[in-house]
Amino acid sequence: MRIVMFYHSLLSDWNHGNAHFLRGVVSELLFRGHDVRIYEPADAWSLQNLVADHGEQALAGFHAAYPALASERYDLEALDLDRALDGADLVIVHEWNDHALVARIGGDRKRGGRYRLLFHDTHHRSVTAPETMAAYDLSGYDGVLAFGQVVRDLYLRRGWAERAWTWHEAADTRVFHPLKGQPNEGDLVWIGNWGDEERTAELHEFLIEPVRELKLKARVHGVRYPETGRQALADAGIDYAGWLPNYEVPRAFARFRVTVHVPRRPYVEALPGIPTIRPFEALACGIPLVSAPWDDAEGLFHPGRDYLVAPNGAAMKRHLRALLHDPEIAREIAAAGRATVLDRHTCAHRVDELLEIDRELRGALLQSEVKAV
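Residues numbered from 1 in each chain as written. Predicted model: local features only at pLDDT ≥ 70, side-chain atom pairs only at ≥ 80, totals over all residues. Heavy atoms only, no water.

J.: Any chance you could explain helix α5 (residues 99-110) here in plain terms?
T.: Quick reminder: α-helices carry 3.6 residues per turn. Residues three or four places apart thus point the same way. Look at α5: 17 Å from first C-alpha to last across 12 residues, which is about the 16 Å you get at 1.5 Å a residue. Residues of α5 that are buried: L101, V102, I105, G106, G107, D108 and R109. (Helix = DSSP H or I, 4+ residues; strand = E, 2+ residues; numbered from the N terminus. Expected span 1.5 Å × (residues − 1). Buried < 20%, exposed > 50% of the residue type's maximum accessible area, 1.4 Å probe, protein only.)

What follows is the structure, encoded as structure tokens:
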């Protein structure tokens, strides 16, 4: 098939986790022989920040890591939509796109576009900013891909879409896998962005304080850390190492003995069943993981076996101490988590799901055409 995808950025993962999954899905689609074309805005916020912080060499690093991947950067006012959609069989439009672009593509579909059209939602705004999501005109779309059951149900219950499917994120196991022979650089590594004060208290309770009290050798990678956050890391003896290209994350995991997952508050309080992509990637790399609380409402993993769960900071310290002092337990946890990802949560699994959704849509569209005749 020819698959056309409109996303915020393929090139940049600076504070942009959607790039992780997009790269993995596109790599898998290309591997299977599909023609994939990706469009991203020329002024993408993530890309602008990446280049401002790290220069054009950051893009050279991406192209070296993903030589088969490329995108077409466009200006919204000048975008030739007819050319972009020419010959498309399936079009996917991510929710972090301009409302006008979403409406334009939907309008083209309603005017007789011969492709299937899906909207892809991978954010908590359906709960935290519903007025923003309700403003998207999805009347021309065949359905919604939602990264959790609760988000899928919101689209249907609120009448934002007539069809919706759950399409979780997953690990790109071409990139995320254990690496042997790496030098040991410490006890704990955490890779994540500070964010918009959505988990400040949680980072103190489940990361900073346990590291300080256990006197661990730790490193943190991520962006948008305020001065107070960087100072808190320094006070706890944590090395703050800034942005790390996502394709370098497996190397970082291989050089430390344990990692943690600290979900943002909206996912804990209002979006059960959505872990975001970080745990998938960590488990795929075979590093033992301890998670702050989140409700695995959809049974994606086996909590307590694939990873340990810490209901509070005291439990986090106990679990970290156990994993660091008992290599056998650490190996068992890491092996179980990786096995679950390989069995259920790779980008290959998600492409299988996407193609099945597309077959379902093709069947439904064919039936409607027959009825019309």
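From this point, the discussion proceeds with the structure in view.
J.: When you look at the pairing of strand β8 (residues 188-191) in this model, what are you seeing that I'm missing?
T.: Side-chain positions along a regular strand alternate between the two faces of the sheet. Residue alternation in β8 divides its side chains into two sets, L188 and W190 and V189 and I191, and both sets are buried. Taken together, β8, helix α9 (residues 200-214) and strand β9 (residues 218-221) constitute a β-α-β crossover, and its handedness is right-handed. (Right-handed = clockwise from strand over helix to strand, strands pointing away.)

J.: Could you clarify how one ought to interpret the sheet that holds strand β11 (residues 259-261) in this entry?
T.: Within a beta sheet, neighbouring strands are joined by backbone hydrogen bonds and run either parallel or antiparallel to one another. With respect to topology, three strands assemble into an open sheet ordered β11-β12-β13, the strand pairing being parallel. Two strands lie at the open edges of the sheet, namely β11 and β13 (308-309), each paired on one side alone. By the bridge criterion, two bridges tie strand β12 (residues 289-291) to β13 in an arrangement that is parallel. Bridge pairing in β13 places V290 opposite L308. (Pairing = 2+ DSSP bridges.)

J.: Just checking my understanding: could you explain unusual backbone geometry for this structure?
T.: Most of the time, phi is negative for any residue but glycine, and the peptide bond is trans. Although it is not a glycine, N15 sits at a positive phi angle of roughly 50 degrees. Of note, N15 is situated in the loop between β1 (2-6) and α1 (18-31). Given the relative accessible area of 18%, N15 is considered buried. In this model, K215 sits at a positive phi of 55 degrees, which is unusual for a non-glycine residue. Position of K215 among the secondary structure elements: in the loop between α9 and β9.

J.: How do you make sense of the packing of aromatic side chains when you look at a structure like this?
T.: Tallied over the entire structure, the rule returns 16 aromatic pairs. Ring centres of F147 and Y267 lie 6.0 Å apart, and the angle between their planes is 80 degrees; on these two criteria the pair is classed as edge-to-face. Of this pair, F147 sits in the loop between β6 (143-146) and α8 (149-157) while Y267 is found in helix α12 (residues 265-269), placing the two residues 120 residues apart along the sequence. The two residues F147 and Y267 agree in class, both being buried. For the ring pair W294 and F301, a centre distance of 6.4 Å and an interplane angle of 85 degrees mean the geometry is edge-to-face. Across the pair, F301 and W294 agree in class, each one buried. Joined through ring pairs, the aromatic side chains of F119, Y136, Y141, Y155 and W160 make up one cluster. The ring of F31 has R174 lying over it, and the distance from NZ or CZ to the ring centre is 4.8 Å. (Phe/Tyr/Trp six-rings, centres within 6.5 Å; stacked < 30°, edge-to-face > 60°. Lys NZ or Arg CZ within 6 Å of the ring centre and 35° of its normal.)

J.: I'm lost on the side chain of H261 in this one. Help?
T.: Mapped onto the elements of the fold, H261 is located in strand β11. A polar contact is formed between the side chain of H261 and the backbone oxygen of P275, at a distance of 3.3 Å. Residue contacts for H261: discarding those within four places in its chain leaves W190, P275, T276, P279, L289, V290, S291, A292 and W294. (Polar contact = N/O pair within 3.5 Å; in protein donor to acceptor, adjacent residues only side chain to side chain. Contact = heavy atoms within 4.5 Å.)

J.: Would you mind going over the sheet that holds β8 with me for this structure?
T.: Reading across the sheet, the three strands line up as β8-β9-β10 and stay open at both edges, with parallel pairing between neighbours. If you trace the sheet from one side to the other, it starts and ends with β8 and β10 (239-240), each paired once. In terms of strand pairing, β8 meets β9 through four bridges, oriented parallel. Bridged to V189 within β9 is R219.

J.: What is the right way to read the pairing of β1 from this model?
T.: Burial analysis of β1 places four of its five residues in the buried class, which makes it a mostly covered element. Judged from the five bridges that link them, β1 and strand β2 (residues 35-41) form a sheet pairing that is parallel. Among the inter-strand pairings, R2 is bridged to a residue of β2, identified as D35. What joins β1 to β2 is α1, and the crossover it makes is right-handed. The pairing of β1 with strand β4 (residues 90-94) spans four bridges and is classified as parallel. In the sheet register, V4 faces β4, and the bridge partner there is V91.

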